[in-house]
Amino acid sequence: MTAVAETLGAPDAHGEPSLRVRFGWAVTDTLTITRRNLLVWMRVPAYLMFTVIQPVMFVLLFRYVFGGAIPVHSPGGYVDFLMPGIIGQSAAFATFGTAIALAQELKKGVIDRLRSMPMARSAVLAGRLVADTGRMLVTILILIAVGYAVGFRFANGWLAAVAMVVLATVFGLAICCISAYTGLAIGDEESVQAFGLIWLFPLTFLSSAFVPIPTMPGWLQAFANNQPVTYVINTMRALALGGPVAADLWKSVAWLAGIFIVFLPLAVRAYRRAG
Amino acid sequence: MSYVSGTPSILVEGLTKSFGDVHALRGIDLSVPHGTVLGVLGPNGAGKTTAVRILTTLLRPDGGRAVVEGYDVVRDAAAVRRSIGLAGQSAAIQEELTGRENLEIIGRLYHLSWPRARSRAIELLDQFGLSDAADRAAKNYSGGMQRRLDLAASLVGQPKVLFLDEPTSGLDPRSRLGMWDIIRSLVADGTTLLLTTQYLDEADELANEIVVIDHGLVIAAGTAEELKGRVGGDVVEFTVPDRSRIGDAATAIAKIGDGEPHADAETGVVSIGVGGRGSDALVDAVRGLDAAGVETHDLALRRPSLDDVFLALTGHAAEEEDEPSGRRRRSRKRRGGQGSGKEAERTAS
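I will try to describe carefully the structure that is included in this document. (Residues numbered from 1 in each chain as written. Chains lettered and ligands numbered in written order. Predicted model: local features only at pLDDT ≥ 70, side-chain atom pairs only at ≥ 80, totals over all residues.)

## So, the nonpolar core
Core analysis: the largest hydrophobic core is formed by 155 residues, its most contacted members being A180 of chain A together with V68 of chain B. Counting residues per element, this core draws most heavily on helix α7 (residues 158-186) of chain A, at 15 residues. Both domains that meet at this core, namely domain 1 (10-222) and domain 2 (230-348) of chain B, each give it at least three residues. If we ignore the near neighbours within four places in the chain, the residues touching V68 of chain B are I10, L55, V73, V80, S83, I84 and V161 of chain B. (Core = buried A, V, L, I, M, F, W, Y, C linked by C-beta atoms within 7 Å. Buried ≥ 20, exposed ≤ 12 C-beta atoms within 10 Å, placed from the backbone. Helix = DSSP H or I, 4+ residues; strand = E, 2+ residues; numbered from the N terminus. Domains from an automatic or database assignment. Contact = placed C-beta atoms within 7 Å.)

## With respect to the pairing of strand β4 (residues 63-68) of chain B
Residue and element names in this part refer to chain B. Two elements, strand β1 (residues 10-19) and β4, share five bridges in a ladder whose sense is antiparallel. What sits directly across from E13, in β4, is R65. Relative to strand β5 (residues 71-72), β4 is paired through two bridges, and the arrangement is antiparallel. When the bridges of β5 are listed, V68 appears paired with Y71. (Pairing = 2+ DSSP bridges.)

## Remarks on the interface of chain B and chain A
In this complex, chain B contributes 30 residues to the contact, which on the side of chain A involves 28 residues. Breaking the side of chain B that touches chain A down by element, the ones donating at least two residues are α2 (77-83), β6 (84-87) and α3 (99-109) of chain B. Of the residues belonging to the side of chain B that touches chain A, the class tally is 13 nonpolar, 10 polar and seven charged. (Nonpolar A, V, L, I, M, F, W, Y, C, P; charged D, E, K, R; others polar.)

## Details of the sheet that holds β4 of chain B
Residue and element names in this part refer to chain B. Here we have four strands laid out as an open sheet, ordered β2-β1-β4-β5, and antiparallel in their pairing. Only two strands of the sheet have a single partner each, and these edge strands are β2 (22-32) and β5. Inspection of the sheet shows β1 paired to β2 by eight bridges, in the antiparallel sense. Along β2, the bridge assignment pairs F19 with V22. Against the sheet, helix α1 (residues 48-55) contacts β1, β2 and β4, and its axis sits at roughly 115 degrees relative to β1. (Axes fitted to C-alpha atoms, helices over the stretch in contact; angles between N-to-C directions.)

## With respect to the environment of A291 of chain B
Residues and elements named next belong to chain B. Here A291 is to be found in helix α10 (residues 278-292). C-beta crowding within 10 Å serves as the criterion here: with 10 such atoms nearby, A291 is assigned to the exposed category. Separated by 10 residues in the primary sequence, A291 and A281 have C-alpha atoms spaced 15 Å apart.

## Topic: the packing of helix α8 (residues 224-231) of chain B against helix α11 (residues 306-314) of chain B
All names here are of chain B. As a packed pair, α8 and α11 sit with axes 8 Å apart at the nearest point and diverge in direction by 55 degrees. Taken together, the axes of α8 and α11 lie oblique to each other. Handedness of the crossing formed by α8 with α11: left-handed. Where α8 approaches α11, its residues A224, L227, K228, R230 and V231 are matched on the opposing element by L306, D308, V309 and A312. By residue class, the composition of the contact of α8 with α11 is six nonpolar, no polar and three charged. (Parallel < 35°, antiparallel > 145°, perpendicular 65-115°, else oblique. Left-handed = near helix turned anticlockwise from the far one by under 90°.)

This is how it looks when you write it as structure tokens:
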């Protein structure tokens, strides 16, 4: 019995390891979980397909099928209007994976196992968010490449283009927190998926992502004009193509901050109480 | 409860937990000495899993106290987590990853260095007979292999106390036996083990001490032999190959025993406690069954099993509240009296 404890590396004089050690563990544990999640992602063809092929199909569909019927005032035509919107929408949709993965882990007992271990409690959620944000960034970069192939051009300099990518990623991360919460709170893969459709589809499509809002009926405009996805996508569009940024940017920042403040603690609480 | 003196590895006093109106635990006491196996036996919904979840720091108790290796599960939760391993009811592994990767990641999360995590994974894969499958995705493992990998994962941190929540539920008989061997070898290494099960033979096989839980209360505790002694006598048991005759068989032997006979419609097994009347009762049973014209297999007099104990203690069978089919087996349903009227008439015709 005495020989058994030595490998744990935990200084065990009844006391806790120091704060510095624990912080170090929080970082390495998050990286371990991130690495695990990315490994899983690369092993499952369906995940790759959702990350890469589905957004590309959306680009082609809207660029060549619906695009001709949608009049816009952007100088570069519909493809320039479309790309910031589709990047925002894809970032939000990528979080389906977050919710589903957490619900699966919960159901299979993986989260129980991890919570019963002496690892940093924050790492499971943090590692999930980091890995999924990385995944999201890959999707965004692929979308930009595909956009370039079908005629999209950044018209506002590379710095603004980078800012757009950063904003899209932060936006995706905020939606990720909501999805993480739903995944942990609902805890059933199919229900989580169905619920995701109910809120993610309206939120992204009833916005300025694909069509100019003035083409919608008045009652819908009232919603579309005042919801966060519209603010974020308007900001992204202004960053990509030029135009006034400030007003939409601060509204986006306020909304995103609000989402983090509400849903990150909710997700953490759902994780603590999981099962 | 009379146990070996000294600080026990697991100590539970007056533990309570409710979920809304459901009182999952209504004040249970447990004490598990170091290096021994406690079998926690009870039907689904008895509170077994709730107890394990509290002891493994996953759930906070409403009242009472639980101490593992000297650490309080609420106040010293982090220290408890350094002392324990947990394997739950399903294989908590990442199916997309290989067996080796699963164990290496767990090792890293126990803060082992990369080389140590790697060598620990190899040790465990070897110990659990998974070396050949080490680099295959766990989703291609059989059910038994997945559960072995899951058990291996719970041992990465070399826990002093291991919690196994229904470790063999859903496994085929051969995998169960394999799992039992592995569990025995762990205990031989000095690990304290708390094992929950609905399978009475499993507790009988593996546990030093057994507590029986029903509706959130400990209703009996002791060794398997002590519990069997509570039934106070032998059991006549036989199998009826023609399931439609079970009712007739139960009726035919109803008078030879102390209580009502128990008949399982699925397995065709009929049993009845006969107290100290032993061989006389056996003869009566043969006569009765012969007169009723019921064909039987494996008619025998045997010492009571834990199944009988559970029936005697609770008035219902251990697995009666079993979940949907597909699990290993259903057990004895009470059919006793109902076979009398019509079915007896059919016997005569």
